[in-house]
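Structural overview
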Amino acid sequence: MTIDWIAKLRHLLQTLAFCLAISSAQFALSSDKPYDMPLVYSLAIGTSTWAWIDFGRHLAPSSIETGWPRGWAGLMLVVTGIVAGFFIGTFAGDAWFGCSSWAPGQAREQLRSSILITVLAGTAATYYFYSVNKSAWLERKMAEVRQLAGEARLKLLEAQLEPHMLFNTLANLRVLIGADPPRAQRMLDHLIAYLRATLDASRSTTHSLATEFERLRDYLELMAVRMGPRLVFTLDLPAELAQQPVPTLLLQPLVENSIRHGLEPKIDGGCVTVAARRDGESVVLEVADTGAGQAEAPVDGHGFGLAQVRERLLTLYGAAASVDFVSAPGQGARASIRFPLQR
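**Let's talk about the overall build of the protein chain**
Broken down by element type, the protein chain carries 10 helices and 7 strands. Per-residue burial for the protein chain yields a buried fraction of 42% across its 343 residues. Put simply, of all contacts in the protein chain between residues at least 6 apart along the chain, 73% involve residues at least 24 apart. Of the accessible surface of the protein chain, which amounts to about 18500 Å², a share of 64% is contributed by carbon and sulfur atoms.

**Things to note about the packing of aromatic side chains**
To describe a pair of aromatic rings, one takes the distance between the centres and the angle between the planes. Across all of its chains, the model carries 7 aromatic pairs by this definition. Their ring planes at 75° and their centres at 5.4 Å tell us that Phe27 and Tyr35 sit as a pair that is edge-to-face. On the basis of an interplanar angle of 15° and a centroid distance of 5.8 Å, the ring pair of Tyr41 and Phe97 is categorised as stacked. One end of the pair, Tyr41, is in helix 2 (residues 36-56); the other, Phe97, is in helix 4 (residues 72-97), and 56 residues separate them in sequence. Taking relative accessible area as the criterion, Phe97 reaches 26% and is therefore assigned partly exposed. Ring pairing ties together the aromatic residues Trp5, Trp50 and Phe55, which thus form one cluster. Directly above the ring of Phe55 sits Lys8, whose terminal nitrogen or CZ lies 5.5 Å from the centroid.

**Things to note about the packing of helix 1 (residues 5-29) against helix 2**
Orientation of helix 1 relative to helix 2, taken along the N-to-C sense of each, is 145°, at an axis distance of 9 Å. You can see that helix 1 and helix 2 cross each other, and the crossing is right-handed. From helix 1, Trp5, Lys8, His11, Leu12, Thr15, Leu16, Cys19, Leu20, Ile22, Ser23 and Gln26 reach across to helix 2, where they touch Pro38, Leu39, Ser42, Leu43, Gly46, Thr47, Trp50, Asp54 and Phe55. Residues of the contact of helix 1 with helix 2, tallied by class, amount to 11 nonpolar, 7 polar and 2 charged.

**Here we look at the side chain of Asp289**
Among the secondary structure elements, Asp289 is positioned in strand 5 (residues 282-289). At a separation of 2.9 Å, a polar atom in the side chain of Asp289 contacts the main-chain amide nitrogen of Gly291. Residues within four places of Asp289 in sequence aside, it is in contact with Ser258, Gly262, Leu263, Cys271, Val272, Gly332 and Ala333.

**Here's the deal with helix 8 (residues 252-263)**
Among the 12 residues that make up helix 8, 10 are buried, leaving the element largely enclosed by the rest of the structure. Gln252, Pro253, Leu254, Val255, Glu256, Asn257, Ser258, Ile259, Gly262 and Leu263 are the residues of helix 8 that are buried.

**So, the sheet that holds strand 2 (residues 231-236)**
Across the sheet, 5 strands lie side by side as 2-4-5-7-6; this open sheet has mixed pairing. Each edge of the open sheet is held by one strand with a lone partner, namely strand 2 and strand 6 (322-327). The mean inter-strand angle of the sheet, taken between neighbouring strand axes irrespective of direction, is 10°. In this structure, strand 6 lies alongside strand 7 (residues 333-340), joined through 6 bridges in antiparallel fashion. Residue pairing for strand 7: Val323 is matched across the bridge by Ile337.

**Side note on the side chain of Glu212**
Structurally, Glu212 can be placed in helix 7 (residues 209-227). For the buried Glu212, no salt bridge exists, and the shortest N-O distance to an oppositely charged side chain is 5.0 Å, to Arg215. In contact with Glu212, other than residues within four places in its own chain, are His207, Val246, Pro247, Thr248, Leu249, Leu250, Leu251 and Gln252.

**Comments concerning the packing of helix 2 against helix 4**
Between helix 2 and helix 4, the least distance of the axes is 7 Å, while the angle of their chain directions is 145°. Along this stretch, helix 2 crosses helix 4, giving a crossing that reads as right-handed. The residue makeup of the contact of helix 2 with helix 4, split by class, is 16 nonpolar, 9 polar and 2 charged.

What counts as what
Residues numbered from 1 in each chain as written. Predicted model: local features only at pLDDT ≥ 70, side-chain atom pairs only at ≥ 80, totals over all residues. Heavy atoms only, no water. Helix = DSSP H or I, 4+ residues; strand = E, 2+ residues; numbered from the N terminus. Buried < 20%, exposed > 50% of the residue type's maximum accessible area, 1.4 Å probe, protein only. Contact = heavy atoms within 4.5 Å. Areas by Shrake-Rupley, 256 points an atom, 1.4 Å probe, with all protein chains shown as cover. Phe/Tyr/Trp six-rings, centres within 6.5 Å; stacked < 30°, edge-to-face > 60°. Lys NZ or Arg CZ within 6 Å of the ring centre and 35° of its normal. Axes fitted to C-alpha atoms, helices over the stretch in contact; angles between N-to-C directions. Left-handed = near helix turned anticlockwise from the far one by under 90°. Nonpolar A, V, L, I, M, F, W, Y, C, P; charged D, E, K, R; others polar. Polar contact = N/O pair within 3.5 Å; in protein donor to acceptor, adjacent residues only side chain to side chain. Pairing = 2+ DSSP bridges. Lys, Arg positive; Asp, Glu negative; His and termini not counted. Salt bridge = Lys/Arg side-chain N within 4 Å of Asp/Glu carboxyl O.

Spelled out as structure tokens, the structure:
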């Protein structure tokens, strides 16, 4: 197990503060004796006990995951740590003051009091560090579970999105095979290129904006074969945002909405523009079309494409991301996505 020395230093400082509190309480209860004696013995016993337990726990194989030995190993570590810390600290204090706590004539009551304080303080401090360590471990596991759940959710959303797009494309291809075989052949070639790029990107939940725009280009070329001159498209990606990570297939459902609800109903078609820009510490992605426009977003803003985009952004960015949709009959439509810039 790799030792976190910053954490060790933090534990040591907390132990020293604990020892100072104990020595102050002892001095307050017996103010007839100088403060330096309980201070030195408290620091010596406390740091010895801490070092024995905090470093010794890394030697148990069962502590690799949680940072604390399981079962009897953890209990024995605490017991041996308190006993060893008491003897090591007492001998160190005796050496500092040039006396012996074990010599005949020394106050037995004081020795028994030191033993009791060591047991109680060692148990309390160990329980505190154990609780803090366990809480940190649980937080790490919860973060891992949240990350895995988020990735699984994104994969599920992408799995739902791919068949939707594929079904629409195959339906269009079926019509072209009978009506215009050469165009059907070109459409099939673009479909193969698109699916190959999709397969390469399916191994992760995010990719760069450059890759997202490349896949959009494949998709739009695919649609251009079917729609001919009725479809014109423009892709605008600044170089500074090319490597910005985004969820895979984030923009495609918006582009698909523009074609399906905006350009296809319009006799002479129109233009689809996909653009990315930076706005302060945010990235803004826009999909705009000059199509027929709509009085409202598809199905009250909860159509397949917009719902997918909103849910995927919520999974990755939470409330820091937003999706806006503006449209009017005869004036086209514009969908805007905003999310935090990642450096």
